[in-house]
Amino acid sequence: MSARNKSTNSATSLFTTNFSFWNGFVVAGIALFLLISPYYRALFNGYSYSFENPIYKALFFGLTLLLFTAVYLVKRWKLDSYRDIWAIIALLPPLIYWLSSFNPVSGYYANFMIFVIVFYTALFIAGMYFADSVRARKLIEYSLMLTSYIIVLSGLLNLFGQTYYPDALWLAHDGYRLTAVFQYSNTYAGFLVALFLASLYYASHCIRWQARLAHSLMLVPIWISFMLTYSRGAIVIIPVMVLAILPFLRFTRQVTYILYIGVSVLVAMAVLGSITTKADAIALLVQPMADKQADPISLFNSLPLQSWGLLIAASAVVAGIILLIEAKAYRWIEAKTTKLASHKWSFIAVPAIIVILCVLAAGSLLGSSAIRSLLPAKIAERFENLNFQQHSVQERFTFYKDGLRLSEDYPLLGGGGGAWQSLFEQYQNNPYWSRQSHSYFVQVLVESGWVGLTALVLLIGGAYWFYVRSYIRHHERRGSHLVFFIFSLALLMHSAIDFDMSFLFISSIVFLSLGCMIAPFSSTLKIPRLQNRKLPMWSKYVYPAVIGLTAIVLLVITIQNNSANQLYNQTMRQASQQGAKVGDVLPMVDKAIKRSPDQTTFSLTKASWLKQVYNSNKNDEVFTQALLTLEQAKKHDPNNRSIIAMQLEFYQLNNQLSASIELLEEGMNKFPWDIQFYDKAILAYGESIKEADTKQDTSSSTQYKARLSEIAQEVERRTAQLADLPPEQQQGRSFSLSEPAQESLQMLLASK
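Residues numbered from 1 in each chain as written. Predicted model: local features only at pLDDT ≥ 70, side-chain atom pairs only at ≥ 80, totals over all residues. Heavy atoms only, no water.

1. A few points about the packing of aromatic side chains
Counting across every chain of the model gives 52 aromatic pairs. The interplanar angle of 10° and the centroid separation of 5.0 Å between the aromatic rings of phenylalanine 33 and phenylalanine 61 together place this pair among those described as stacked. Placement of the pair is phenylalanine 33 in helix α2 (residues 21-36) and phenylalanine 61 in helix α3 (residues 52-73), with a sequence separation of 28 residues. Judged by centre distance (5.2 Å) and plane angle (45°), the rings of tryptophan 223 and phenylalanine 226 are tilted. Of this pair, tryptophan 223 and phenylalanine 226 both sit in helix α10 (residues 219-227), 3 residues apart, roughly one helical turn. (Phe/Tyr/Trp six-rings, centres within 6.5 Å; stacked < 30°, edge-to-face > 60°. Helix = DSSP H or I, 4+ residues; strand = E, 2+ residues; numbered from the N terminus.)

2. Thoughts on the pattern of salt bridges
For the structure shown, the criterion picks out 19 salt bridges. Among the ionic pairs, lysine 611 bridges to glutamate 649, the shortest N-O distance being 2.4 Å. Within this pair, whereas lysine 611 is found in helix α25 (residues 600-617), its partner glutamate 649 is found in helix α27 (residues 641-653), the two being separated by 38 residues in sequence. Residue classification places lysine 611 among the partly exposed residues on the basis of a relative accessible area of 23%. (Salt bridge = Lys/Arg side-chain N within 4 Å of Asp/Glu carboxyl O. Buried < 20%, exposed > 50% of the residue type's maximum accessible area, 1.4 Å probe, protein only.)

3. Topic: empty space enclosed by the protein
Counted by the stated rule, this structure contains 4 cavities of 30 Å³ or more. Of the voids in this model, the largest cavity is the one considered here, and its volume is about 150 Å³. Forming the boundary of the largest cavity are 18 residues, of which Tyr47, Tyr440, Gln443, Met501 and Ser502 lie nearest the centre. Breaking the lining of the largest cavity down by element, the ones donating at least two residues are α6 (107-130) and α19 (440-473). Here the lining of the largest cavity is composed, by residue class, of 10 nonpolar, 7 polar and 1 charged. By volume, the second largest cavity is sized at about 110 Å³. In terms of lining residues, the second largest cavity is bounded by 14 residues, among which Pro93, Ile117, Tyr440, Leu456 and Phe511 are the most central. Residue assignment for the lining of the second largest cavity shows that the elements contributing at least two residues are α5 (92-100), α6 and α19. (1 Å grid on protein atoms, 1.4 Å probe; cavity = no way out; pocket = protein on both sides within 12 Å on 5 of 7 lines; lining within 4 Å. Points joined across faces, edges and corners; volume = space filled by probe spheres on them. Nonpolar A, V, L, I, M, F, W, Y, C, P; charged D, E, K, R; others polar.)

4. Digging into the confidence of the model for the chain
When pLDDT drops low, the exact placement of atoms in the prediction is not to be read closely. Confidence in the prediction of the chain, expressed as mean pLDDT, is 89, and 90% of residues score 70 or more. Every residue in residues 1-17 scores below 50 in pLDDT, and together they form 19 contacts with partners more than four places removed in sequence or on other chains. (pLDDT = per-residue confidence, 0-100. Contact = heavy atoms within 4.5 Å.)

5. Here we look at the pairing of strand β1 (residues 169-172)
Relative to strand β2 (residues 175-178), β1 runs antiparallel, the two sharing 4 bridges. From the neighbouring strand, leucine 171 faces β2, where its bridge partner is tyrosine 176. Connecting the antiparallel pair β1 and β2 is a turn made up of 2 residues. (Pairing = 2+ DSSP bridges.)

6. A short note on α19
For α19, which comprises 34 residues, the first-to-last C-alpha distance of 32 Å sits more than 12% below the rise-based estimate of 50 Å (1.5 Å per residue). Where α19 bends most, the angle comes to about 125°, and this point is serine 448. (Expected span 1.5 Å × (residues − 1). Bend = angle between axes of the 7 residues up to and from the residue.)

7. Focus on the packing of helix α29 (residues 675-694) against helix α30 (residues 698-723)
The contact between α29 and α30 brings their axes to 9 Å, and the two run at 160°. One finds that α29 runs roughly antiparallel with respect to α30. α30 is crossed by α29, and the crossing has left-handed handedness. Contact residues: Tyr678, Ala681, Ile682, Tyr685, Ser688, Ile689, Ala692 and Asp693 in α29; Ser700, Ser701, Tyr704, Lys705, Arg707, Leu708, Ile711, Glu714, Val715 and Arg718 in α30. Broken down by class, the residue content of the contact of α29 with α30 amounts to 10 nonpolar, 3 polar and 5 charged. (Axes fitted to C-alpha atoms, helices over the stretch in contact; angles between N-to-C directions. Parallel < 35°, antiparallel > 145°, perpendicular 65-115°, else oblique. Left-handed = near helix turned anticlockwise from the far one by under 90°.)

8. A closer look at helix α24 (residues 582-595)
For α24, built from 14 residues, the straight-helix expectation of 20 Å at 1.5 Å per residue is met to within 8% by its first-to-last C-alpha distance of 20 Å. Of the residues making up α24, those classed as buried are Val585, Leu586, Met588, Val589, Ala592 and Ile593. The elements touched by buried residues of α24 are α23 (542-576) and α25.

9. Section: the nonpolar core
Core analysis: the biggest nonpolar cluster contains 166 residues, and Phe124, Phe182, Phe191, Leu197, Tyr257, Phe487 and Phe511 have the highest contact counts within it. For phenylalanine 182, the contacting residues outside a window of four places in its chain are Ala42, Ile151, Thr187, Tyr188, Phe191, Phe503, Phe505 and Ile506. Counting residues in each nonpolar core, the second largest holds 54 residues, with Phe650, Tyr678, Ala681 and Leu725 among its members. (Core = buried A, V, L, I, M, F, W, Y, C linked by side-chain atoms within 4.5 Å.)

10. Details of the side chain of threonine 69
The residue threonine 69 is located in helix α3 in this model. Discounting chain neighbours no more than four positions away, the residues touching threonine 69 are Ile125, Ala126, Phe130 and Ile547.

11. What to know about the environment of glutamine 293
Here glutamine 293 is to be found in the loop between α12 (251-286) and α13 (302-341). You can call glutamine 293 exposed: its relative accessible area is 70%. As for glutamine 293 and leucine 423, which are separated by 130 residues in sequence, their C-alpha atoms are 38 Å apart. Setting aside anything within four residues of it in sequence, one finds glutamine 293 in contact with Val286 and Pro288.

12. Digging into the packing of helix α8 (residues 185-205) against helix α9 (residues 209-217)
It is at 8 Å that the axes of α8 and α9 come closest, and there the two elements cross at 150°. Relative to α9, the element α8 lies roughly antiparallel. The crossing of α8 and α9 is left-handed. In contact with Ser199, Tyr202, Ala203, Ser204 and His205 of α8, α9 contributes Arg212, His215 and Ser216. Taken together, the residues of the contact of α8 with α9 break down into 2 nonpolar, 5 polar and 1 charged.

13. A few points about the environment of tyrosine 40
Relative to the assigned elements, tyrosine 40 resides in the loop between α2 and α3. For the pair formed by tyrosine 40 and alanine 316, sequence separation is 276 residues and the distance between their alpha carbons is 32 Å. Residues in contact with tyrosine 40, not counting those within four places in the same chain, are Pro54 and Tyr165.

See below:
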């Protein structure tokens, strides 16, 4: 038996002792969640009602998982290790989000994000306590890799036209970009970076040749998919991640790991151009257009058949080379590098070579048009524009600066969940439209303040600290759990420059992986002083009771909110039926509002229906009821543009000019880059001036004209501010007055 097999067997026997029914049951639930959840738009949290239904189902799973964990820990909890301390620290982010919800900018999403953060916490804690046996951990690993490979294959099925998933190919300004289940190419690219590097780890470390073959075969499909996302930010992550992974590998494995990266990338790039051309042609046939619906084509059509053929052939070549190297050349490489590996500085030799190669490669791609010409045109163009002056980089810097400005007004505990999407327009530098801050850490800062961000960094940083320290100290416990390190770190790094963590599927992988990183070393994290300390019997029940009660309370609220959503969906289906009457559906939407009063989507729908009734009968009671509904909704969501816009419509319907102006002033204050509020304010003040002149109210007329002049100056100031934007940065939405507003403004100011 080889030394490698002996080591593996001893490690296996060491870890299998803790596997039980509880482990199997919980791990099976986690595996099912990982396999199912990606196909609900990867559980994207867009802070909008349309994304909520599948998220509530995921929250139900997460809270049930937390409840099972509480029951599991009743007889096992003992505060005697760093794992137990980190389980307590894991409760800090939910606690801080809960404190932030006392004075939120969006009542509904402040509470909603408490559920989401508790969901992450449940996965983190479950990973720590249920993945401490190798069998449980392996099942989670296999589930993660299996669902990842299925996502890649499903994306390729969409690319080659055999299936159609909405927006799996995203039509950008320069052509289609592959997005798979995420419907967003940059997040898919970040996910593929993590998967590619994890697959390489398995390809270079699996003992059984069948497993090595399976992972090796996926390297080319993953890289091809990655390139067809056309993501520039994710490219920058790769060399950094490789440098982070290499110190965990033995010297010989560092060599083969880099070698396999090179082989995979070179072979994949050799067929990329042809596959790209065929994929573009397939997209024209399959993807929906203005004049046609989506129309998948047969696998045996010449275009997909050739594409699959190229992909499979390239995959087979890479897999064959890797198997051949492992079978025939690995021992030779190991023998030749033994002397080099014995030097103290050997562990940095390969990383140093990587740095040099990356610098040379970057210089060649950015500086040599001849090398770029070997790439497909769109990919070459993306590389050519890879710099800090490109518009996407400039826009992200603007988001981050605006986020910091926002946090100055909510420094300690933030504005609660949903703070960015509620407030970004008040703080933005130019009229861009982004309900996401494009950085997980900026989003956390805005929502939970510096206290919340510090707690999150402490939790994540501690998990990495314990993992790295334990990995170095305990050689016998090393193993394939390194893939959890790879996945979590790659996804977190990319989420620092994009909104990947808004996909609950992605954030689930991150927090589950962080927990699973600590689990294999749990017995080595004991604290002798705590082990020898005598505590009251009741103390061991405190932590399980806290997380158990939290799970029960939030489960009840989650079920109630989900019930309200289901009732609202039923109401909308009935309202869409031919012949449906407003009087029949209003009681149903009232029930939905009663169950979830802070979900303003329900109130807006009710107000819209009441507006239809008011337009037909001009009933003052209907008008009053509609305004009362909007006022109640506004208490929960004071920065909701739709609420303010609908209030304005009602005031204008009833010719309430004074109330309209007051609301328009609020709109200009909360949405200073929305030109419509300036337009309507100018017209409204114009009407007020005419009324004042008719009544010979000189004082009011002068006051209104002065305010009109201030509005005009503000529009001019902001227009000049836009002219100072860097030429690479896009302005965003239009910011110019309409012709009627300009004419009214000129006429009124001229009469001054």
